[in-house]
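Overview (structure and organization)
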Number of protein chains: 2
Amino acid sequence: MTTLRTPGPTIGVVGGGQLGRMLAEAAAPLGVEVLVLDPTPDCPASPVARDQIVAAFDDEAAIHDLATRADVLTFEIELADQNVLDRVSEETGTPVHPDPATLETIHDKLVQKRELEAAGIPVPPFRAVEDADDIRAAIDDYGAPVMLKARTGGYDGRGNVPVESKADAEDALESVAGPAMVESFVDFEREVSVIAVKGDDEVATFPIGENIHEDEILRETVVPARSSEAVTERAHAVARDVLDVMDGRGVYGIELFETIEGEILLNEIAPRPHNSGHWTIEGAQTSQFEQHVRAVLGWPLGSTTLRSPTVMTNLLGDVGEERPAQLSDIDDILETPAASLHWYGKRDARPLRKLGHVTLSAADEDAAVEDLLETARELESAVTFRS
Amino acid sequence: MTTLRTPGPTIGVVGGGQLGRMLAEAAAPLGVEVLVLDPTPDCPASPVARDQIVAAFDDEAAIHDLATRADVLTFEIELADQNVLDRVSEETGTPVHPDPATLETIHDKLVQKRELEAAGIPVPPFRAVEDADDIRAAIDDYGAPVMLKARTGGYDGRGNVPVESKADAEDALESVAGPAMVESFVDFEREVSVIAVKGDDEVATFPIGENIHEDEILRETVVPARSSEAVTERAHAVARDVLDVMDGRGVYGIELFETIEGEILLNEIAPRPHNSGHWTIEGAQTSQFEQHVRAVLGWPLGSTTLRSPTVMTNLLGDVGEERPAQLSDIDDILETPAASLHWYGKRDARPLRKLGHVTLSAADEDAAVEDLLETARELESAVTFRS
């Protein structure tokens, strides 16, 4: 049986950005303490966490220190180094969840896709890219356009380059500048995601969210997604199959394509709480962050039931160049019933940087998500990033 | 228009117990920072707050330090000293909310009752007590029993002594040991409370809660209270009248008696978030703690709408004597959908000390609060305070 003491169990988190901050916010009511490791002094998670270790994400001595002060280690960024985490865990006896091996699988998009395909997960047709010929061959096989992807280091669409014709192959490859893979371009009806949780001997999935991207950066998540029941069920089934492949406990953000034909194809996996799951803080019985806390501690998972239809909209840095972060005219958000403001405490705004988000939950269960989405967009466009 | 910067506005809180902790938890998503002042090193609020100043509640130099580091001061305990707060505010220019004068009014129960009665708030018949004769006179006037109350320093029923007959007057007065007052004993149908908020130029009241006490300590709050519509309206009207008397922005916990005849009488006021408002964290659109943050900063207040029927049950130290705090067998709570565990991070358990609480929200709007209350009690009785 689970027991709480004071001080409660301590989770050491590699990374102290907004995900670490919201993890600390979710841990606090449970009496669970959070320590973060992040190279930026006074990182977003710092004021909410018990303490911050200021160090690089792969600083082995610092991660060793983190591990000795924690009951379990986890990470909120894919930049965490698998080998370092493995060694530190071995030396200190502090477990790491999810398993660092998961990081390696996910870190390289080609390895990720191969493993998932081998496990029977539906993925878009893809192949490794050694030279421009491979891209041209992909265009022959899949038809143009194709999506060229950097195998490592990309996020928020960075490192993804659509290739419209064979003539563009060389330039595209040069722009990616590193190991690459190429995928068939998916003609999707919508992008959806499932936040899935692997617990000690149980799994849970949240209702699927519909994700609206612009310039490959998430703008809004709408829950429930406007998908058919059959598609929704299929998305959950794929998410559960993905969890079978993943090692170690924790929350996974599983991004999917719903094709024009109503098929579900896997897009990408994040082995951590995910931007498209922020709606769960107000919209679900248990948030993705509390689920991650429960999962990594080996506690029973919570209910993933939707409380009411919910829309999340990101507050992205709407600035021409880097400047101190400032959000003005937040009154509309504060005055809208069921709107919840989240500000991440980042010092500087940069173009399209994620600085916060707003969640809007419906007052009643039958509210139309279209209306919520419209209101959320009005709230997002009412704020400004200067005084 | 309201603007957020990083670091956000900072609230300095005198007191760092569970109320300060939950205030810090509510402030974090808004990008608002919290500093607490508390004499207990590593007090409950400490791991969640930006920083703690370890000092006595009336340490003027330390409160001066707190004020210079904060944009606004508030308090989560009535022990804060009005004169110290006034002087510090004068010297530093940092405002204090609610107004420290409110503390003086509330600190002395006789002064409190006189002011409220003068403002037309319905209160039980009461009188000052100079000697045992005053108690006996009260018994003549109101009938036995009467309630003898210490004018200052009492909370959770401490300092309240029922006097059954004139023969007990001397002993009762001795047990109170200090300035006292006496009230007519109210034959109530139920005890209810209204969490009320005074903003910059607006007020808000939460749905009324029904409070179940045992040994004068709150055990459970049930929302909505099982009062008639007329009584509910009357309770809200009285709460708004009370806010008119109070100076300064913030949350007030207003405890009321609903008499057998369906009248509302004021019992006591706390000029701060209140135990009987903890249900708002999950049960209302905006929690009492977020409302206090908004109010003291002069931000617009949030919606007080009930999300679904909710029951809160306290986790009180069920120990024979002081020992390290430990809560075992929490699995039933963690596994119950819509049950939320709050553990305050207190180092030591003492008999009946408030160590945490559990909130249970209904899955649908029409759920019977009786069923919720039964489940909440089962959850509360399943945990143990030893391994």
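Residues numbered from 1 in each chain as written. Chains lettered and ligands numbered in written order. Predicted model: local features only at pLDDT ≥ 70, side-chain atom pairs only at ≥ 80, totals over all residues. Heavy atoms only, no water.

All names here are of chain A. Those places that UniProt annotates as "binding site: ATP" (unreviewed entry) correspond, in this numbering, to Lys109, Lys149, Glu183, Ser184, Phe185, Val186, Glu191, His213, Asn267 and Glu268. Within the fold, glutamate 183 resides in strand β9 (residues 180–184). Tracing the backbone shows valine 186 in the loop between β9 and β10 (188–198). Aside from chain neighbours lying at most four places away, what touches valine 186 is Pro124, Phe257, Thr259 and Leu265. (UniProt positions renumbered as here; feature names shortened; annotations may be inferred. Helix = DSSP H or I, 4+ residues; strand = E, 2+ residues; numbered from the N terminus. Contact = heavy atoms within 4.5 Å.)

Taken together, the side chains of Asp201(A), Glu202(A), Asp332(B), Glu335(B), Asp371(B), Glu374(B) and Glu378(B) make up a negatively charged region of the molecular surface. Considering every element that reaches the negative patch, the biggest residue donor is helix α12 (residues 369–382) of chain B, with three residues. Its location among the elements puts Glu378(B) in helix α12. (Patch = residues over 30% accessible without salt bridge, like charges linked within 9 Å, V, L, I, M, F, W, Y side chains within 5 Å. Areas by Shrake-Rupley, 256 points an atom, 1.4 Å probe, with all protein chains shown as cover. Salt bridge = Lys/Arg side-chain N within 4 Å of Asp/Glu carboxyl O. Lys, Arg positive; Asp, Glu negative; His and termini not counted. Charge placed at Lys NZ, Arg CZ, Asp CG, Glu CD.)

A separate point is unusual backbone geometry. Residue and element names in this part refer to chain A. Cis geometry marks the peptide bond from threonine 6 to proline 7, where omega comes out at -5 degrees. Along the chain, proline 7 turns up in the loop between β1 (3–5) and β2 (10–14). Cis peptide bonds are those with omega within 30 degrees of zero, and the linkage from histidine 97 to proline 98 qualifies with -10 degrees. Tracing the sequence through the fold places proline 98 in the loop between α3 (82–92) and α4 (100–107). We note that leucine 352 has phi near 65 degrees; this positive angle belongs to a residue other than glycine. Relative to the assigned elements, leucine 352 resides in the loop between β20 (348–349) and β21 (354–361).

Let us now look at the relation of the copies chain B and chain A. A rotation about some axis, followed by a shift along it, carries one copy of the chain onto the other. Take chain B, turn it by 180 degrees, move it 0.0 Å along the axis, and it overlays chain A with an RMSD of 0.0 Å. Here the two chains are linked by the operation of a two-fold rotation axis. In terms of proximity to the rotation axis, the leading residue of chain B is Val48(B), whose C-alpha is 2.5 Å off the axis. Taken together, the interface assignments show that 100% of the residues at the interface of chain B recur at the interface of chain A, consistent with an identical surface on both copies. (Least-squares fit on C-alpha atoms with pLDDT ≥ 70 in both.)

Another aspect to go through is the domain arrangement of chain A. Residue and element names in this part refer to chain A. According to the domain assignment, chain A consists of domain 1 (10–96), domain 2 (125–184) and domain 3 (188–382). Placing a centre on the C-alpha atoms of domain 1 and another on those of domain 3 gives a separation of 23 Å. Counting from both sides, the interface comprises 18 residues of domain 1 and, opposite them, 21 residues of domain 3. Here domain 1 packs against domain 3, burying approximately 1,800 Å² in sum over the two surfaces, 69% of which is carbon and sulfur. A per-residue breakdown of the area domain 1 buries against domain 3 is headed by Gln18, Leu19 and Met22, which together make up 29% of the total. Along the contact surface separating domain 1 from domain 3 lie two salt bridges. (Domains from an automatic or database assignment. Buried area = accessible area lost by both parts, 1.4 Å probe.)

Let us now look at the packing of helix α2 (residues 60–68) of chain A against α3(A). Residue and element names in this part refer to chain A. Remark: α2 packs on α3, axes separated minimally by 10 Å, with the N-to-C direction vectors making an angle of 45 degrees. Judged on the interaxial angle alone, α3 and α2 are oblique. The element α2 and its partner α3 pack so that their crossing is right-handed. Where α2 approaches α3, its residues Glu60, Ile63, His64, Ala67 and Thr68 are matched on the opposing element by Val84, Leu85, Arg87, Val88, Glu91 and Thr92. A per-class count over the contact of α2 with α3 returns five nonpolar, three polar and three charged. (Axes fitted to C-alpha atoms, helices over the stretch in contact; angles between N-to-C directions. Parallel < 35°, antiparallel > 145°, perpendicular 65-115°, else oblique. Left-handed = near helix turned anticlockwise from the far one by under 90°. Nonpolar A, V, L, I, M, F, W, Y, C, P; charged D, E, K, R; others polar.)

It is worth spelling out the sheet that holds strand β2 (residues 10–14) of chain B at this point. Residues and elements named next belong to chain B. Strands sit in the order β4-β3-β2-β5 across an open sheet of four strands; the sheet is parallel. Only two strands of the sheet have a single neighbouring strand rather than two, namely β4 (51–54) and β5 (72–75). Direction aside, neighbouring strands of the sheet carry axes that sit 25 degrees apart on average. Relative to β4, strand β3 (residues 33–38) runs parallel, the two sharing four bridges. Counted as the bridge partner of leucine 37 is isoleucine 53 from β4. Each of β2, β3, β4 and β5 touches helix α2 (residues 60–68); the most contacted strand, β3, lies at about 180 degrees to it. (Pairing = 2+ DSSP bridges.)

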